[in-house]
Amino acid sequence: MLDIEEATRLAQRFLDEKVSHEGMTFALVEGEHAQVGSTFYFDCQSVAYLRSGDLRDMAIGTGYVCVDGETGKCRMLGAVESAQLDLF
């Protein structure tokens, strides 16, 4: 079972390698994480928005990064699925 530090590293690496793209990079929102069973959930947002707070920089329609605590596999949840979990 992963600990929160390893899950955090995997989640940010996932964002860097699979989600971020030219023009919009993503980062984890500090302090916004939860563990449900063996699954870790992290809120994320565009780096530009996290720096500026300007709504024009906000990524819309993204959800949580989900990390399987047993396998380390990461995936991005949709906005609706994330809202239904209501973790943050």
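You'll find the structure just up there.
Structural notes, computed from the coordinates. (Residues numbered from 1 in each chain as written. Predicted model: local features only at pLDDT ≥ 70, side-chain atom pairs only at ≥ 80, totals over all residues. Heavy atoms only, no water.)

## Some thoughts on the pairing of strand E1 (residues 26-36)
The side chains of a regular strand alternate between both faces of the sheet. As judged from the 7 bridges shared by E1 and strand E2 (residues 39-46), these two strands associate in the antiparallel manner. By the bridge assignment, Gln 35 is partnered in E2 with Phe 40. Taking the residues that link successive antiparallel strands as the turn, the E1-E2 hairpin has 2 residues, and the phi of Gly 37 there is positive, at about 65 degrees. (Pairing = 2+ DSSP bridges. Helix = DSSP H or I, 4+ residues; strand = E, 2+ residues; numbered from the N terminus.)

## Overview of the sheet that holds strand E3 (residues 62-68)
Pairing within the open sheet is antiparallel, and its 4 strands lie in the order E1-E2-E3-E4. Looking at strand neighbours, the two that pair on one side only are E1 and strand E4 (74-78), the edges of this open sheet. Going from strand to strand, the sheet's axes swing by 30 degrees on average, the running direction of each strand aside. Pairing between E2 and E3: 4 bridges, direction antiparallel. Paired with Phe 40 across the two strands is Val 67, which belongs to E3. Docked against the sheet, helix H1 (residues 4-19) engages E1, E2, E3 and E4, running at close to 135 degrees with respect to E1. (Axes fitted to C-alpha atoms, helices over the stretch in contact; angles between N-to-C directions. Contact = heavy atoms within 4.5 Å.)

## Describing the side chain of Ser 20
By the secondary structure assignment, Ser 20 is in the loop between H1 and E1. Looking at Ser 20, its side chain comes within polar contact range of the main-chain nitrogen of Phe 26, at 2.8 Å. Among all residues touching Ser 20, those that are not within four sequence positions of it are Leu 15, Thr 25 and Phe 26. (Polar contact = N/O pair within 3.5 Å; in protein donor to acceptor, adjacent residues only side chain to side chain.)

## Quick look at the packing of aromatic side chains
Applying the stated criterion across every chain yields a total of 2 aromatic pairs. Between Tyr 41 and Tyr 64, the ring centres sit 6.5 Å apart and the planes meet at 65 degrees, which makes this aromatic pair edge-to-face. Here the residue Tyr 41 occupies a position in strand E2, and Tyr 64 occupies one in strand E3, the gap between them amounting to 23 residues. According to the relative accessible area criterion, Tyr 41 is buried, its value standing at 12%. Summarising the aromatic geometry, the rings of Tyr 64 and Phe 88 are spaced 4.8 Å apart at their centres and angled 80 degrees between planes, so their arrangement reads as edge-to-face. (Phe/Tyr/Trp six-rings, centres within 6.5 Å; stacked < 30°, edge-to-face > 60°. Buried < 20%, exposed > 50% of the residue type's maximum accessible area, 1.4 Å probe, protein only.)

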